[in-house]
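Notes for the structure review
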Amino acid sequence: MTSNNDAAAEMMRLFPENAESGCLTVACAQADYSASLIARAVEDADAHLLNLNVTSATGPLHGVVVELRVSHRDTSAVARSLSRHGYTILEADSDCDGMQPSERYNPYAALVRYLEI
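Residues numbered from 1 in each chain as written. Predicted model: local features only at pLDDT ≥ 70, side-chain atom pairs only at ≥ 80, totals over all residues. Heavy atoms only, no water.

**Focus on the sheet that holds strand S4 (residues 88–93)**
With respect to topology, four strands assemble into an open sheet ordered S2-S3-S1-S4, the strand pairing being antiparallel. Of all the strands in the sheet, just strand S2 (49–58) and S4 have a single pairing partner and so form its edges. For this sheet, the mean angle separating the axes of adjacent strands, direction not counted, is 20°. Here S2 pairs with strand S3 (residues 64–70) via six bridges, running antiparallel. Bridge pairing links Thr58 to Val64 in S3. Sheet strands touched by helix H3 (residues 76–84): strand S1 (22–28), S3 and S4. Its angle to S1, the strand with the most contacts, is close to 15°. (Pairing = 2+ DSSP bridges. Helix = DSSP H or I, 4+ residues; strand = E, 2+ residues; numbered from the N terminus. Axes fitted to C-alpha atoms, helices over the stretch in contact; angles between N-to-C directions. Contact = heavy atoms within 4.5 Å.)

**Here we look at the pairing of S1**
Taken across its seven residues, S1 has six buried, putting it largely inside the fold. One ladder, built from seven bridges, connects S1 with S3; its direction is antiparallel. Bridge pairing in S3 places Ala27 opposite Val65. Two elements, S1 and S4, share five bridges in a ladder whose sense is antiparallel. Paired with Ala27 across the two strands is Thr88, which belongs to S4. (Buried < 20%, exposed > 50% of the residue type's maximum accessible area, 1.4 Å probe, protein only.)

Shown next, in the form of structure tokens:
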């Protein structure tokens, strides 16, 4: 049995933090699922596919649900490209980490704290 720290370290290894990324959840029919086609659709929007995870959830009509992390915070272009390729967009979010904008690292606040020392 692994400890919570080991599990957290493993999650960080598999899903490293990337401030400039966005997340999408897409669905498709099981017969239409192709990781390479999803990657091509993401790249058609001038983005990079950082993570692709098939989830245990089932989509519309018992299809496959896939969570994606892409290299753009604004996921609208990627969502449009995936839609053009026949994927159903279930969710598109610019904050993959689930943090509120006020909780994210702010370089200006860090600079002010540094200058106060």
